[in-house]
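Understanding the architecture of this molecule
Read off the chains here:
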Amino acid sequence: YYPKDKDHLQYIDELQSFNFDVISAINMNEMKVELDRLINSNQYEYIFLDGFLLYEDELLYRRLDRKYFLYLTKEECLRRRMSRSYNSIDTPNYFEKCVWIEFLNYKQKCEKTYTDIVFIDGTRPINDIFEFVNNDIKQIEIN
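Here the structure is a predicted model, which means the values were calculated and not measured. (Residues numbered from 1 in each chain as written. Predicted model: local features only at pLDDT ≥ 70, side-chain atom pairs only at ≥ 80, totals over all residues. Heavy atoms only, no water.)

Take the pattern of salt bridges next. When charged atoms on two side chains of opposite charge get close, those side chains can pair. As enumerated under the stated definition, the model contains 13 salt bridges in all. Residues Glu58 and Arg62 are paired through a salt bridge, measuring 3.5 Å at the closest nitrogen-oxygen approach. You can see Glu58 and its partner Arg62 sitting in helix α2 (residues 58–63), four residues apart, about one turn around the helix. Glu58 gets classed as partly exposed once you look at its relative accessible area, which sits at 39%. Residue Arg81 pairs with Asp90 through a salt bridge whose shortest N-O separation is 2.7 Å. Using a relative accessible area of 13% as the deciding quantity, one classes Arg81 as buried. Because the salt bridges share partners, they merge into one network encompassing Glu76, Arg79 and Arg80. (Salt bridge = Lys/Arg side-chain N within 4 Å of Asp/Glu carboxyl O. Helix = DSSP H or I, 4+ residues; strand = E, 2+ residues; numbered from the N terminus. Buried < 20%, exposed > 50% of the residue type's maximum accessible area, 1.4 Å probe, protein only.)

What follows covers the packing of helix α3 (residues 74–83) against helix α4 (residues 94–113). Between α3 and α4, whose axes approach to 12 Å, the crossing angle comes to 110°. On the basis of their axis angle, the class for α3 and α4 is roughly perpendicular. Along its contact with α3, which presents Lys74, Cys77, Leu78 and Arg81, the element α4 presents Tyr94, Phe95, Glu96, Val99 and Trp100. Split into classes, the residues belonging to the contact of α3 with α4 amount to six nonpolar, no polar and three charged. (Axes fitted to C-alpha atoms, helices over the stretch in contact; angles between N-to-C directions. Parallel < 35°, antiparallel > 145°, perpendicular 65-115°, else oblique. Contact = heavy atoms within 4.5 Å. Nonpolar A, V, L, I, M, F, W, Y, C, P; charged D, E, K, R; others polar.)

Under the 1.5 Å per step criterion, the end-to-end length of helix α5 (residues 126–142) is 25 Å for 17 residues, consistent within 8% with the ideal 24 Å. Taken together, the buried positions of α5 are occupied by Ile129, Val133, Asp136 and Ile137. Relative to the axis of α5, the buried residues are bounded by an arc of 95° and lie together on one face. Facing away from the buried side of α5, by more than 90 degrees, are the exposed residues Asn127, Glu141 and Ile142. As for α5, its buried residues are in contact with β3 (67–71) and β4 (117–121). (Expected span 1.5 Å × (residues − 1). Arc of directions from axis to C-beta.)

The next thing to look at is the side chain of Lys67. Here Lys67 shows up in strand β3. Polar side-chain contacts of Lys67 include one of 2.9 Å to the side chain of Asp116. Leave out the neighbours within four places in its chain, and Lys67 touches Tyr55, Tyr61, Asp116, Ile117 and Val118. (Polar contact = N/O pair within 3.5 Å; in protein donor to acceptor, adjacent residues only side chain to side chain.)

Our focus in this paragraph is the nonpolar core. It is characteristic of soluble globular proteins that their nonpolar side chains tend to be buried jointly. Within the largest apolar cluster, 25 residues are counted, with the highest numbers of intra-cluster contacts made by Tyr55, Leu60, Phe69, Tyr106, Cys110, Tyr114 and Ile117. Elements with a contribution of two residues or more to this core: α1 (28–40), α2 and α4. No other element matches α4, which puts eight residues into this core. The residues contacting Cys110, other than those within four sequence positions of it, are Tyr55, Phe69, Ile117 and Phe119. With five residues, the next largest nonpolar core counts Tyr68, Ile120, Ile129 and Ile137 among its residues. (Core = buried A, V, L, I, M, F, W, Y, C linked by side-chain atoms within 4.5 Å.)

Turning next to the packing of aromatic side chains. A full pass over the atoms with the stated rule returns nine aromatic pairs. Taken together, a centroid distance of 5.6 Å and an interplanar angle of 85° make the contact between Tyr55 and Tyr61 edge-to-face. A relative accessible area of 7% means that Tyr55 is categorised as buried. Over the face of the ring belonging to Tyr61 we find Lys67, whose NZ or CZ atom lies 4.6 Å from the ring centre. (Phe/Tyr/Trp six-rings, centres within 6.5 Å; stacked < 30°, edge-to-face > 60°. Lys NZ or Arg CZ within 6 Å of the ring centre and 35° of its normal.)

The structure is reproduced here in structure tokens:
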């Protein structure tokens, strides 16, 4: 995770919180430097990036060979979020007013803008998702 310092984040008075669920909250330059370092090390056959905002960065988007978008129901997303440990605690209504809204907007944008993203139901068993992605990646080697 490559967060920007809070001086660069949007503060939402109503929530008494910064909005961490937008691309402007991520230091994409730092992330891309690290990605370049990993690529140039020649230690990895595959590098996986995780984050639902990655496709907002056009330069990064064009560098990716395969693109997947795992989506969840609102209930499952909230359940998983509540089970994680974060450096900061969500203020009341943060999930409703930031997390879920930003997710829906971004998913809709990806569906309308890109034709090469594979959308995967993230509630499927993890082994099924892994097998699907693994088989899809093998297609790179065949082609």
